[in-house]
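Here is what each chain is made of, one letter per residue.
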Amino acid sequence: MRSPRKLAFLCALLMTSGCHRTYVPPETPMPANTVLLSQMMRELSAQPGFTDTLVDRIEKGGKKGPALLTPMLIDELRKRILGQDWHGLDRFPGLTMREINPTVRVIGHEAGKSAAAENLSAVHPGASPSAAQIGQLLDVGDYRLDRQETEWIQGPSTLPAFTTTGIVSDLGSGVTRGDGPNQFASEHAESQRLANALNRLSANSLSGVTPMNFMVSTEYGFFTPEDLIDALILYGHTVTVTDTRYFANFAHLHYKGQDVMAPFWVNSQIIIPNSGGRPLLVPVAHAEYEWHIRGPLINADVSYYFGIDGKSEWRTMDTLDQPWVLKRDAHTYTGDQAVEVTRLAGLLTVAYMHLHAAHPTLPFGGYYALGVCQDGVSAIEKHMTGKVTLFPNTADDELFNDPRDAEVNALIAAIPNDRDGKLPDPARIFGSLPTDDFSAITIPGLAADLTSVHTAWTAGTLTRTRSRLRTMLLIGALIGITILGISLTRHHNLKDADHF
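Source: prediction; values computed, not measured.

Caption draft 1: Looking closely at the pattern of salt bridges. Counted under the stated rule, the structure contains 22 salt bridges. The closest approach of N and O atoms between Lys 311 and Asp 139, which form a salt bridge, is 3.1 Å. Within this pair, whereas Lys 311 is found in the loop between β14 (300-306) and β15 (312-316), its partner Asp 139 is found in the loop between α8 (131-137) and β3 (149-152), the two being separated by 172 residues in sequence. On the basis of relative accessibility, which here comes to 16%, the residue Lys 311 falls in the buried class. A relative accessible area of 29% means that Asp 139 is categorised as partly exposed. One salt-bridge network, held together by shared partners, links Glu 151, Glu 190 and Arg 193.

Caption draft 2: Geometry of the packing of helix α10 (residues 225-234) against helix α11 (residues 335-358). Running from amino to carboxyl end, α10 crosses α11 at an angle of 155 degrees, the nearest separation of the two axes being 8 Å. Here α11 runs roughly antiparallel to α10, going by the angle between their axes. Two packed elements cross with a definite hand, and for α10 against α11 that hand is right-handed. Residues Pro 225, Glu 226, Ile 229, Asp 230 and Ile 233 of α10 form the contact with α11, whose own contacting residues are Gly 335, Val 339, Thr 342 and Arg 343. Taken together, the residues of the contact of α10 with α11 break down into four nonpolar, two polar and three charged.

Caption draft 3: Here's a closer look at the nonpolar core. Within the largest apolar cluster, 119 residues are counted, with the highest numbers of intra-cluster contacts made by Met 40, Leu 253 and Trp 291. For this core, the element with the most residues is α11, which contributes 11 residues.

Caption draft 4: Spotlight on the sheet that holds strand β11 (residues 265-271). Across the sheet, which stays open at both edges, the three strands sit in the order β2-β11-β12 with mixed pairing between neighbours. With one partner strand each, in any of the chains shown, β2 (93-95) and β12 (279-283) form the two edges of the open sheet. In this sheet, adjacent strand axes meet at a mean angle of 35 degrees when their direction is disregarded. Packing against the sheet, helix α15 (residues 446-459) makes contact with β11 and β12, and its axis sits at approximately 125 degrees to β12.

Caption draft 5: A look at the sheet that holds strand β8 (residues 238-247). Spatial ordering of the open sheet is given by β15-β14-β13-β8-β16, a layout of five strands whose pairing is antiparallel. One side of each edge strand has no neighbouring strand; the edge strands of this open sheet are β15 and β16 (328-333). Strand-to-strand, the axes of this sheet are offset by a mean angle of 25 degrees, without reference to chain direction. Note that β8 and strand β13 (residues 285-294) share 10 bridges and pair antiparallel. The residue bridging Thr 240 from the neighbouring strand is His 292, located in β13.

Caption draft 6: Structural view of the pairing of strand β10 (residues 258-261). With three bridges joining them, strand β1 (residues 34-36) and β10 adopt parallel strand pairing. Bridge assignment links Leu 36 to a residue of β10, and that residue is Met 261. The pairing of strand β9 (residues 253-255) with β10 spans two bridges and is antiparallel. By the bridge assignment, His 254 is partnered in β10 with Asp 259.

Caption draft 7: Fine view of unusual backbone geometry. Cis rather than trans, the peptide bond between Thr 28 and Pro 29 has omega equal to -5 degrees. You can see Pro 29 is positioned in the loop between α1 (4-17) and β1. Look at the link from Phe 92 to Pro 93: it is a cis peptide, with omega at -15 degrees. Turning to its location among the elements, Pro 93 is positioned in strand β2. The backbone of Gln 84 shows a phi angle near 55 degrees, a positive value even though the residue is not glycine. Along the chain, the position of Gln 84 falls in the loop between α4 (71-82) and α5 (86-89). Unlike most non-glycine residues, Asn 274 shows phi in positive territory, near 60 degrees. Within the element layout of this structure, Asn 274 appears in the loop between β11 and β12. A relative accessible area of 76% places Asn 274 in the exposed class.

Caption draft 8: Main features of the packing of aromatic side chains. For the structure on display, the rule yields nine aromatic pairs. Ring geometry for Tyr 143 versus Phe 214: centroids 4.6 Å apart, planes at 50 degrees, classification tilted. Here Tyr 143 is found in the loop between α8 and β3, whereas its partner Phe 214 is found in strand β6 (residues 214-217), with 71 residues between them in sequence. With relative accessibility at 15%, the residue Tyr 143 sits in the buried group. Taking the centre distance of 5.5 Å and the plane angle of 65 degrees together, the rings of Trp 291 and Trp 314 count as edge-to-face.

Caption draft 9: Just the environment of Leu 201, in detail. Turning to its location among the elements, Leu 201 is positioned in helix α9 (residues 188-203). The buried category is assigned to Leu 201, whose relative accessible area is 0%. Residues Leu 201 and Phe 214, spaced 13 residues apart in sequence, show a C-alpha to C-alpha distance of 6.4 Å. Beyond its immediate sequence surroundings of up to four residues, Leu 201 is in contact with Phe 214, Val 216, Phe 222, Phe 223, Thr 224, Pro 225 and Leu 228.

Caption draft 10: Spotlight on helix α12 (residues 373-385). An ideal rise of 1.5 Å per residue puts 18 Å on 13 residues; α12 measures up with 18 Å between its terminal C-alpha atoms. Counted residue by residue, α12 has 10 buried out of 13 residues, so it is predominantly covered. On its buried face, α12 is in contact with β8, β13, β14, β16, α11 and α13 (406-413).

Caption draft 11: Region of interest: the environment of Leu 198. The topology assignment puts Leu 198 in helix α9. Assessed through its relative accessible area of 1%, Leu 198 is described here as buried. Sequence-wise, Leu 198 and Ala 345 are 147 residues apart; in three dimensions their C-alpha atoms are separated by 9.7 Å.

Caption draft 12: Local environment of α13. Turning to α13, its buried residues are Val 408, Asn 409, Leu 411 and Ile 412. The buried residues of α13 occupy an angular sector of 160 degrees when the element is viewed end-on, so they sit on one face. Summarising the contacts, the buried residues of α13 are in contact with α11 and α12.

Conventions and cut-offs
Residues numbered from 1 in each chain as written. Predicted model: local features only at pLDDT ≥ 70, side-chain atom pairs only at ≥ 80, totals over all residues. Heavy atoms only, no water. Salt bridge = Lys/Arg side-chain N within 4 Å of Asp/Glu carboxyl O. Helix = DSSP H or I, 4+ residues; strand = E, 2+ residues; numbered from the N terminus. Buried < 20%, exposed > 50% of the residue type's maximum accessible area, 1.4 Å probe, protein only. Axes fitted to C-alpha atoms, helices over the stretch in contact; angles between N-to-C directions. Parallel < 35°, antiparallel > 145°, perpendicular 65-115°, else oblique. Left-handed = near helix turned anticlockwise from the far one by under 90°. Contact = heavy atoms within 4.5 Å. Nonpolar A, V, L, I, M, F, W, Y, C, P; charged D, E, K, R; others polar. Core = buried A, V, L, I, M, F, W, Y, C linked by side-chain atoms within 4.5 Å. Pairing = 2+ DSSP bridges. Phe/Tyr/Trp six-rings, centres within 6.5 Å; stacked < 30°, edge-to-face > 60°. Expected span 1.5 Å × (residues − 1). Arc of directions from axis to C-beta.

Structure follows, in structure tokens:
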């Protein structure tokens with residue numbers, strides 16, 4: 001007869017091993033003119049110093065770039081490349097939000113800042129941004145903050161045309177980083193003027209800036225972003241605002257003229273049916289609001305989101321997206337609804353400037369602690385539709401406590417938060433996708449996984465992965481029950497022996 005200790009160990013081993021089998025991510029089929037990051041690195045990793053150069057460039061992020069590359073994750077990325085773990089590289093990092101959260105929190109300590117900085121709810125309560133802070137964290141072009149100015153939009157913009165200078169860089173060995181112009185690039189001057197003007201109009205409401213000292217004029221003057229958009233509609237412009245989702249582009253890399261596919265994968269903690277317990281990994285999404293304006297005075301396309309650069313603002317959107325990131329307009333707003341989305345984006349812009357002033361040492365320029373690109377979009381989506389369909393949201397709502405921004409504080413508090421690692425609603429997993437048609441997804445293996453999970457979800461048979469704590473508790477309970485059962489058996493055997 002086995003000892004209780006051996007049986008307990010056997011039970012624990014069975015509980016922790018489960019039915020998992022090794023999964024090798026497929027590398028095909030691939031979209032035209034595209035290679036996996038692992039395929040590129042197979043060829044280049046042998047070159048001395050190239051890995052460090054590449055990872056350093058990736059670490060800097062960018063539009064739709066990865067938000068969560070902490071020193072630990074950067075080190076893990078290097079290890080996978082140097083260790084030639086190509087399958088791991090193609091599903092990097094594959095962690096749950098509960099696992100990612102601590103790696104982001106410690107960045108403040110590693111950067112020589114307070115390790116608890118992210119959790120402080122009032123570093124400089126009620127502070128107003130300085131002119132220097134505004135200049136660094138809000139793009140307003142040549143507009144001034146300290147004097148009365150008027151921007152007339154009755155004539156064409158005099159700003160420079162689109163250029164790839166500062167956007168596309170050559171890393172050597174056939175590798176470039178950054179993307180060229182898209183279909184909106186020809187309107188860059190008009191779009192940049194509009195983005196600068198919307199940001200500067202938002203700044204009219206900043207504490208410490210002379211109130212309403214900037215005006216955009218057509219025939220009449222307008223002092224807020226929403227009033228300008230409302231006026232353009234009245235002047236006969238078509239204004240469409242979309243809530244748009246993409247797969248976040250991990251690195252904006254190109255290799256020998258080909259796009260490099262490099263998503264940033266997160267563990268959704270949903271088990272893929274008939275996979276032996278394999279969790280569904282999903283690429284992180286990028287979300288933004290996009291304004292498409294056509295009319296007699298201006299033709300422009302601009303977007304709003306809070307980016308890895310720490311800026312919550314309107315931006316131009318005239319660089320090309322690689323085809324694998326796809327695109328989906330989850331919601332479309334026109335008329336009064338377009339004006340309302342504009343108003344809320346302006347409020348978020350001001351609130352984030354106040355937050356930067358109150359918490360100037362937050363790591364990543366506040367990105368992650370104050371949310372990622374999804375949080376502001378989720379807040380507006382909740383206000384406009386009554387629901388949130390984006391994952392993940394990371395804003396620490398305890399930081400949103402400035403009474404000057406009461407409406408924004410309430411908007412952020414109303415959305416689901418993924419900082420504590422709670423299991424995300426499947427509706428938010430699927431809502432974050434940049435397509436409703438899984439067959440349109442060109443990332444190898446992902447379409448099949450999503451189809452299988454979606455079928456189980458709609459059938460009500462979806463299952464979740466266990467947390468490590470829950471697993472350990474179950475193991476402990478099973479061990480206890482096993483030992484108790486063996487003890488009772490021995491006790492009864494001894495009683496039976498007394499009868500002889």
